[in-house]
Amino acid sequence: MANRKIGVNNLPVLTYRFLHMNEEQIETGELETAETRISLPEKLPKGILLEEELDAEGVQTFFARTREKIKESTQEATPPNGDTSARYETQALPSGMGREVEDLLVSCGVKAQVFRVPAGEKVKEPLVLKLHRQEAEEGKACLLRQVICAEEGAEVSVILDLHTGAEAEGAVGMQTLLLAKKDAVIHLYQVQMAGEKVQIFDDIGAVAEENARIDIVRMDLGGERSYVGCHVNLLGKKSDLQVNTAYLCRKNQQYDMDYIATHRGQKSTSDMQFRGILMDEAKKTFRGTLDFKKGSAGAAGEEAEDNLLLSDRAVNRTIPLILCEEEDVNGHHGATIGQLGEDLMFYCQARGISEEEARRMMVRARMKSVARMIPDDHIRGYVEDYLRKTL
């Protein structure tokens, strides 16, 4: 495949170019793909149907009616200067990382696995999908695509577990598309524990229809360079989005993320919470957007990032953003950046706890606050082991 550079994690509205925050560029190099299939459980949880894989055209067809609903919900309004929404027009669903990642997957011939939950089905057992690469595959990329559809009144939990060996190399790229129809609930849990020589890009596009809910819990702990994007369209009245993310950046890791909650339905709600640790010479960029479209009267959204810096060499960049075309909405955003306080360090040292051990305790506590939300004992155990080995 030819050498190429792709732009990802675009801000919905451009800001000053000198900030270098409008998007991130990924050098894909001479990308060679390794044949990859995500590991399924021996038996799917009762109520989940695995359908035929879809090629690029099939994915477009699958979401055609959803795209029409998004278009129908879009009321005439003057777009802000620097509007980049045209970049989503050719996508199966608008996603966080954007069109160029989808184009990459399509050009590589990646097919989508489709999981559907029939109307009214409440799936009790989570579906665990695993990608474990223990071997080193220098220069090769594992590319995956999943579609998860919960029909009217259905509920399902899906766990995506990405884990590589310490010496694994190459890249892992994943796109997950979610559709929660009327009164449906999708719980998505993602845990990323890749080796220090692996490049990650993880893209999410989602739609919640009337009274539907999408919950996203994710932990990003590894990888040399990680790019994460998530765009959720709250299409229906009283649709809801909940996001809880924890990230750990250490050594020379680079972490770039873009979360967008687009409110289209009346009285739609969103709450996005991010907890992070920056250590050593790590670099992190966060873009978080609440976008209230015309017609979303009564909508409410909140986003908050709580970042703990444990090194004066770490670099943190944050750009929270609120866009508003509707008057009767309620949006809040904020970011806090701090270090371990002197009072806390004194308290620990007075009890015989060294500064280094106090730092480790704080990291583990912050990560565990999100890990405990994952409904799988084994994966929570993997997280504990990973933190113990890496800190």
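Predicted model only: the values in this text are computed from it and were never measured.

Definitions and limits used
- Residues numbered from 1 in each chain as written.
- Predicted model: local features only at pLDDT ≥ 70, side-chain atom pairs only at ≥ 80, totals over all residues.
- Heavy atoms only, no water.
- Helix = DSSP H or I, 4+ residues; strand = E, 2+ residues; numbered from the N terminus.
- Rg over C-alpha atoms; globule rule 2.2 N^0.38 Å.
- Buried < 20%, exposed > 50% of the residue type's maximum accessible area, 1.4 Å probe, protein only.
- Contact = heavy atoms within 4.5 Å.
- Areas by Shrake-Rupley, 256 points an atom, 1.4 Å probe, with all protein chains shown as cover.
- Lys, Arg positive; Asp, Glu negative; His and termini not counted.
- Charge placed at Lys NZ, Arg CZ, Asp CG, Glu CD.
- Axes fitted to C-alpha atoms, helices over the stretch in contact; angles between N-to-C directions.
- Parallel < 35°, antiparallel > 145°, perpendicular 65-115°, else oblique.
- Left-handed = near helix turned anticlockwise from the far one by under 90°.
- Nonpolar A, V, L, I, M, F, W, Y, C, P; charged D, E, K, R; others polar.
- Pairing = 2+ DSSP bridges.
- Expected span 1.5 Å × (residues − 1).
- Arc of directions from axis to C-beta.
- Polar contact = N/O pair within 3.5 Å; in protein donor to acceptor, adjacent residues only side chain to side chain.
- Salt bridge = Lys/Arg side-chain N within 4 Å of Asp/Glu carboxyl O.

A.B. asks: In this structure, what is going on with the overall build of the protein chain? I would like to understand it.
C.D. replies: Along the backbone of the protein chain there are 6 helices and 20 strands. At 20 Å, the protein chain has a C-alpha radius of gyration in line with the 21 Å of a compact globule built from 391 residues. Taking the principal axes of the C-alpha coordinates as reference, the protein chain spans close to 60 × 50 × 45 Å. Of all 391 residues assigned to the protein chain, the portion counted as buried reaches 54%. Partitioning the contacts of the protein chain with sequence separation of at least 6, the portion at a separation of at least 24 is 85%. Surface accessibility of the protein chain: about 17,200 Å² in total, with carbon and sulfur atoms responsible for 46%. With 50 positive and 65 negative side-chain charges, the protein chain shows a separation of 2 Å between the mean positions of the two kinds.

A.B. asks: How should the packing of helix α5 (residues 355-371) against helix α6 (residues 377-390) be read in this particular structure?
C.D. replies: Two packed helices can be described by the angle between their axes and the distance between those axes. At a closest axis distance of 11 Å, the pairing of α5 and α6 adopts a crossing angle of 165°. Compared by their axis directions, α5 and α6 come out roughly antiparallel. Crossing of α5 against α6: the hand is right-handed. Only Arg-380, Val-383, Glu-384 and Leu-387 of α6 make contact with α5, whose side of the interface consists of Arg-364, Met-367, Lys-368 and Ala-371. Its residues placed into classes, the contact of α5 with α6 shows 4 nonpolar, no polar and 4 charged.

A.B. asks: Please explain the sheet that holds strand β6 (residues 127-133) as it appears in this structure.
C.D. replies: The strands that make up a sheet pair up through hydrogen bonds in the backbone, lying either parallel or antiparallel. If you trace the 8 strands from one edge of the open sheet to the other, you get β6-β8-β10-β12-β14-β16-β18-β20, paired in parallel fashion. The outermost strands of the open sheet, each flanked by one partner alone, are β6 and β20 (330-338). This sheet shows a mean twist of 5° between the axes of neighbouring strands, independent of strand direction. With 7 bridges joining them, β6 and strand β8 (residues 155-164) adopt parallel strand pairing. The partner of Leu-131 across the bridge, within β8, is Leu-162.

A.B. asks: For this particular structure, what's the right way to read α6?
C.D. replies: Residues separated by three or four positions in an α-helix point in the same direction, a consequence of the helix having 3.6 residues per turn. With 14 residues, α6 extends 20 Å between its outermost C-alpha atoms, agreeing within 8% with the 20 Å of an ideal straight helix rising 1.5 Å per residue. Those residues of α6 lying buried are Ile-379, Val-383, Tyr-386 and Leu-387. Down the axis of α6, the buried set is contained in an arc of 95°. They therefore lie on one face. Seen from the buried face of α6, the exposed residues on the opposite side, beyond 90 degrees, are Asp-377, His-378, Arg-388 and Lys-389. Next to the buried residues of α6 lie β6, β8, β10 (185-193), β12 (213-220), β14 (240-249) and α5. At the N-terminal boundary of α6, the capping side chain belongs to Asp-376, with an oxygen 3.0 Å from the backbone nitrogen of His-378.

A.B. asks: Please explain the pattern of salt bridges as it appears in this structure.
C.D. replies: Opposite charge on two side chains permits them to pair, given that their charged atoms come into close proximity. Overall, the coordinates contain 23 salt bridges when judged by the stated rule. Here Asp-256 ties to Arg-287 by a salt bridge, and the two come within 2.6 Å at their closest N and O atoms. Taken as a pair, Asp-256 in strand β15 (residues 254-263) and Arg-287 in strand β17 (residues 283-292) lie far apart in primary sequence, 31 residues in all. A salt bridge links Glu-384 to Lys-368; its shortest N-O distance comes to 3.5 Å. Here the residue Glu-384 occupies a position in helix α6, and Lys-368 occupies one in helix α5, the gap between them amounting to 16 residues. On the accessibility criterion, Lys-368 (33% relative accessible area) is partly exposed. Overlapping salt bridges bring together Glu-51, Arg-116, Glu-151 and Lys-181 as one network.

A.B. asks: Would you mind showing me how to read the pairing of strand β18 (residues 300-309) here?
C.D. replies: It is a general feature of regular strands that their side chains alternate between the two faces of the sheet. Summarising the sheet, strand β16 (residues 269-278) and β18 pair through 10 bridges and their orientation is parallel. Within β18, the residue paired with Leu-278 across the bridge is Leu-309. As defined by bridge partners, β18 adjoins β20 across 9 bridges and the pair is classed as parallel. Bridged to Asp-306 within β20 is Thr-336.

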